[in-house]
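Spelled out from the first residue to the last, the chains are:
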Amino acid sequence: MMGQLTLLLVLLTATIALSPLAVRWNVPYPVLLLVFGLLIAFVPGLPRADISPDLILPLVLPPLLFAAARRTSWREFLDNRRAIGLLAVALVGVTALVVGVVLQALVPGLPLIAAIALGALVAPPDPVAATTVARGLRLPRRLQTVLEGEGLSNDATSLVLYEVAVAAVATGAFSPVKAGGQLLLAIALGIAIGLLIALATRWLLNRLPAHPAGTALVLVVPFVAYVAADEAHGSGVLAVVTLALALSRYADKESAATRLAAGTTWEIVELLVTGAAFAFVGLELRVIAESVPGDVTVLIGQALAITAVVVVVRFVWIFMVGYLEEKFRRRRGRDAEPVGWQEMTVASWAGMRGVVTLAAALALPTEGFPERDRLIFIAFVVIIVTLLVQGLTLPLLVRRLGVQTSASHRSASEQKVMRRARDAGFDRLDELRGTESVDEKLLEQAYQDATTMWHKLGLDPDEDDDHKFPVTSTEQARHLARVEAELLTAARVEVVSARNERGADPVIVDEVLHRLDATGAVAKTNSVSDETEHG
């Protein structure tokens, strides 16, 4: 037991130590942790990580899915639903089938349905790997949304198909109609349970202290959503994603303290879980390879062949669908912006596999499943090759093809959001101006202070804001703090509203919201300090 705990602490410590190096070397940190795992696998006497397969999915997936889903929005999903569906549902099914046929030809005696089970678990690109590698590349928002939406949705298709295939291996019977019905039921139940838990979470957040109780609730509910949906035979993946999207849609109902604390905590959780998971893949590869009978050269050849199939199928599918979509758009006379071959190439190459493939592979039944160790080894090689080769070369490919948004475009989008928030806050001050309870001089000072605040937050100045009105008493300071709190609240509501509009970039909106929350927290702290000093 102590050996297992020591190994876990080693992986977590390595994640903390290596992630800054990954930033310095401009390398995705999952890639660096994967290499670390591969290296320490050869350390003599290192204990094997003995984790129950039944616990991997419910412990690893909820925090990673929730953290990734918080960075997008319902509006983006709806605007790109066709492209996301073609990748998250259709491509997963096609990949699973093609991989199954090729693998059965490579491994004589392997039942087709068992080969399709492997195809299902290597079919979905990993949402965490894709977003981690793509982060900082300034991809066009549409492309980034489609990749994130695919990564957050395809696990539902993959895991349902995987479960049906595994059950068919045990029973010897497979029904495509039954598989389709199970998929539809899992999708419906997952979305419904995610929405119900989101409603309950919002109700509780309005009644609990913002911190630590509110923050703790936000950390727990993704696990609750996953387990509840799984028990109901729904998609735990979609339940968590739905929960995250629903909560982000109504982020103005959360307090600033809850958002700040939860946001920071989720960044830490995502870092540690992702790093440990990818290090674990590298660590286990040697153990899995040693347990497979036969020539290891043949085994590696089979694994590389399946990896090539996975990559090629994605390229063929995306270019074929892109061509048909463009032809359909022209026939209908639509003026929507076409997707060029450069974006399709980047989307095709951004198919890194990761945590879901790892968890599903290790969850294969230990008894009675044909060629279990061989299939797990192949899955691990698919993860390692796609993550190392595609993950390390994707930034170079993006730069060479010029598939990036300009820094000026991002800055303009950020300025637009901040101006909307500023104007909403000033409108609230104008509303207060008509009430007798607020002194006119305090309103003028609040206006000047807010103008200065927005410039400090990065809003380009429109006018000279050097003039300040002095506050001469503690009572006036208290009134001013309340007025400025009203201004910040109105600004936050406007920012959250902007997040759900068509064309909005949730990442930029969240950055502005974070700055407002941090400014409000500082102002509140200063206000409390002033009151304490004045008795």
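Residues numbered from 1 in each chain as written. Predicted model: local features only at pLDDT ≥ 70, side-chain atom pairs only at ≥ 80, totals over all residues. Heavy atoms only, no water.

Draft legend 1. Region of interest: the overall build of the chain. Counting secondary structure elements, the chain contains 20 helices and zero strands. A burial count over the chain gives 49% of its 535 residues as buried. As displayed, the chain has an accessible area near 24,700 Å², and 62% of this comes from carbon and sulfur atoms. (Helix = DSSP H or I, 4+ residues; strand = E, 2+ residues; numbered from the N terminus. Buried < 20%, exposed > 50% of the residue type's maximum accessible area, 1.4 Å probe, protein only. Areas by Shrake-Rupley, 256 points an atom, 1.4 Å probe, with all protein chains shown as cover.)

Draft legend 2. A look at a nonpolar patch on the surface. Together, Leu-5, Leu-8 and Leu-9 line one region of the surface with nonpolar side chains, adding up to about 260 Å² of accessible area. Tracing the chain through its elements places Leu-9 in helix H1 (residues 2-25). Residue Leu-9 is classed as partly exposed on the basis of its relative accessible area of 47%. (Patch = residues over 30% accessible without salt bridge, like charges linked within 9 Å, V, L, I, M, F, W, Y side chains within 5 Å. Salt bridge = Lys/Arg side-chain N within 4 Å of Asp/Glu carboxyl O.)

Draft legend 3. Spatial organisation of unusual backbone geometry. Positioned with a positive phi, His-233 is a non-glycine residue whose angle comes to about 65°. Looking at where His-233 falls in the secondary structure, it is placed in the loop between helix H10 (210-231) and helix H11 (236-249). The exposure class assigned to His-233 is exposed, which follows from its relative accessible area of 64%. Look at Glu-371: it is not a glycine, yet its phi comes out positive at around 55°. Position of Glu-371 relative to the elements: it lies in the loop between helix H15 (355-362) and helix H16 (372-401).

Draft legend 4. Region of the structure containing the packing of aromatic side chains. This model, assessed by the stated rule, comprises two aromatic pairs. Taken together, Phe-315, Phe-319 and Trp-349 form an aromatic cluster joined through their ring pairs. (Phe/Tyr/Trp six-rings, centres within 6.5 Å; stacked < 30°, edge-to-face > 60°.)

Draft legend 5. Quick look at the nonpolar core. Core analysis: the biggest nonpolar cluster contains 108 residues, and Leu-103 and Leu-121 have the highest contact counts within it. Tallying contributions element by element places H16 first for this core, with 13 residues. Ranked by size, the runner-up nonpolar core spans 15 residues in total, among them Ala-421, Trp-454, Ala-491 and Leu-516. (Core = buried A, V, L, I, M, F, W, Y, C linked by side-chain atoms within 4.5 Å.)

Draft legend 6. Just helix H9 (residues 176-205), in detail. The terminal C-alpha atoms of H9, which comprises 30 residues, lie 43 Å apart, in line with the 44 Å expected from a rise of 1.5 Å per residue. Of the positions making up H9, those classed as buried are Ala-179, Leu-183, Ala-186, Gly-190, Ile-193, Gly-194, Ile-197, Ala-198, Thr-201 and Leu-205. (Expected span 1.5 Å × (residues − 1).)

Draft legend 7. Seen up close, the pattern of salt bridges. For the structure shown, the criterion picks out six salt bridges. For Glu-150, the salt bridge identified is with Arg-314, shortest N-O distance 2.7 Å. Of this pair, Glu-150 sits in helix H8 (residues 141-171) while Arg-314 is found in helix H13 (residues 296-332), placing the two residues 164 residues apart along the sequence. The exposure class assigned to Glu-150 is buried, which follows from its relative accessible area of 2%. On the accessibility criterion, Arg-314 (2% relative accessible area) is buried. A salt bridge links Glu-494 to Arg-420; the shortest N-O distance between them is 2.6 Å. Placement of the pair is Glu-494 in helix H19 (residues 474-499) and Arg-420 in helix H17 (residues 407-433), with a sequence separation of 74 residues. We classify Glu-494 as partly exposed; its relative accessible area is 23%. Looking at Arg-420, the relative accessible area reads 25%, which means it is partly exposed.

Draft legend 8. Inspection of the side chain of Ser-158 at higher detail. One can find Ser-158 in helix H8. Sequence-distant contacts of Ser-158, defined by excluding residues within four places in its chain, comprise Val-92, Ala-120, Leu-121 and Pro-124. (Contact = heavy atoms within 4.5 Å.)

Draft legend 9. Structural view of the packing of H9 against H11. Where H9 meets H11, the closest approach of the two axes is 7 Å, and the angle between their N-to-C directions is 40°. Compared by their axis directions, H9 and H11 come out oblique. Every pair of crossing elements has a handedness; the one defined by H9 and H11 is right-handed. Residues Ile-187, Gly-190, Ile-191, Gly-194, Leu-195, Ile-197, Ala-198, Thr-201 and Arg-202 of H9 lie in contact with H11, whose contacting residues are Leu-238, Ala-239, Thr-242, Leu-243, Ala-246 and Leu-247. Counted by class, the contact of H9 with H11 contains 10 nonpolar, four polar and one charged residues. (Axes fitted to C-alpha atoms, helices over the stretch in contact; angles between N-to-C directions. Parallel < 35°, antiparallel > 145°, perpendicular 65-115°, else oblique. Left-handed = near helix turned anticlockwise from the far one by under 90°. Nonpolar A, V, L, I, M, F, W, Y, C, P; charged D, E, K, R; others polar.)

Draft legend 10. Main features of the environment of Asp-427. Here Asp-427 is to be found in helix H17. Expressed as a C-alpha distance, the spacing of Asp-427 and Ala-491, which sit 64 residues apart in the sequence, is 9.5 Å.

Draft legend 11. Molecular detail of the confidence of the model for the chain. Scored by pLDDT, the chain has a mean of 79; 82% of the residues are at 70 or more. The lowest-confidence element of the chain is helix H20 (residues 506-533), averaging 62 in pLDDT; the highest-confidence one is helix H6 (residues 112-122), averaging 92. Across residues 334-338 the pLDDT falls below 50, and counting only partners more than four positions away or on other chains, this stretch makes eight contacts in the model. Long-range and interchain partners of residues 525-535, a stretch whose pLDDT sits below 50, account for three contacts in this model, where long-range means more than four residues apart. (pLDDT = per-residue confidence, 0-100.)

Draft legend 12. The packing of H8 against H11, seen in detail. Contact geometry of H8 with H11 gives a least axis separation of 8 Å together with a crossing angle of 160°. Between H8 and H11, the interaxial angle falls into the category roughly antiparallel. Our pair here, H8 against H11, has a crossing hand that is left-handed. Each of Leu-152, Asp-155, Ala-156 and Leu-159 in H8 lies in contact with H11, whose residues at this interface are Val-237, Leu-238 and Val-241. In terms of residue class, the contact of H8 with H11 is built from six nonpolar, no polar and one charged.

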